[in-house]
Amino acid sequence: MPLLAVTDLPVQTTAGLEPAFDLVTYYPLFIFLGFVLLFAFGILVAVYTPFLKPKKDTVVKLMPYESGMDPVGDARMQFDIKFYLIAILFLVFDVELLFLYPWATIAYSDNAAPFWRAEFGRLVFIEILVFLLTLGIAYIYAWRKGVFAWR
């Protein structure tokens, strides 16, 4: 009488009678994992082995490179605050659009719930107007302070 393999015996679980664990099912996964590890190891060896890389430092190679032009001045020079203010203003108005899109899609879609429009339609519309008014005041304030005036 031949011996039964472990995979031939069913196992009783809470879900019922199931086939036993079979490692053969996972062989393709192990082969793929082996290829991934070999590829990663090959990349690491190619990148971090100094004898594979040509190394000849010259004056031109050791110069700083800045977008195809010779760098002018010190790399640690101070930037004008207007660069940062413009970036912050961009983020503020970008976030404004992030708040407006969900409201506009819910408020003006054809399949919006009628009870939502009845209960919250005017309230949310007034809140959006207050939000836009606040951003408009901030924009005018920044304009008067000369944030947008470039030298």
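We now turn to the structure provided with this report. (Residues numbered from 1 in each chain as written. Predicted model: local features only at pLDDT ≥ 70, side-chain atom pairs only at ≥ 80, totals over all residues. Heavy atoms only, no water.)

Re the pairing of strand β1 (residues 10-13)
Bridge count between β1 and strand β2 (residues 16-19): four bridges; the pairing is antiparallel. Bridge pairing links Q12 to L17 in β2. Hairpin remark: β1 followed by β2, antiparallel, with two residues in the connecting loop. (Pairing = 2+ DSSP bridges. Helix = DSSP H or I, 4+ residues; strand = E, 2+ residues; numbered from the N terminus.)

Some details on the packing of aromatic side chains
Describing an aromatic ring pair means giving the distance of the ring centres and the angle of the ring planes. Using the criterion set out here, one finds one aromatic pair in the structure. On the numbers, 5.8 Å between centres and 70° between planes, the contact of Y139 with W143 is edge-to-face. Of the two residues, Y139 and W143 are both situated in helix α3 (residues 114-144); the distance of four residues between them amounts to about one turn of the helix. Judged by relative accessible area, which is 56%, W143 ranks as exposed. (Phe/Tyr/Trp six-rings, centres within 6.5 Å; stacked < 30°, edge-to-face > 60°. Buried < 20%, exposed > 50% of the residue type's maximum accessible area, 1.4 Å probe, protein only.)

Considering a nonpolar patch on the surface
Together, M77, F79, I81, F83, Y84, L85, I88 and V92 give the surface a local cluster of nonpolar side chains, amounting to about 780 Å² of exposed area. Here I88 lies in helix α2 (residues 81-107). (Patch = residues over 30% accessible without salt bridge, like charges linked within 9 Å, V, L, I, M, F, W, Y side chains within 5 Å. Areas by Shrake-Rupley, 256 points an atom, 1.4 Å probe, with all protein chains shown as cover. Salt bridge = Lys/Arg side-chain N within 4 Å of Asp/Glu carboxyl O.)

A look at the nonpolar core
Listed in full, the six residues of the largest apolar core are L100, W103, A107, W116, V124 and I128. Going through the elements one at a time, α2 and α3 are the ones with two or more residues in this core. Excluding its chain neighbours within four sequence positions, the residues that come into contact with V124 are W103 and W116. (Core = buried A, V, L, I, M, F, W, Y, C linked by side-chain atoms within 4.5 Å. Contact = heavy atoms within 4.5 Å.)

No statement about biological role is implied by the geometric values presented.
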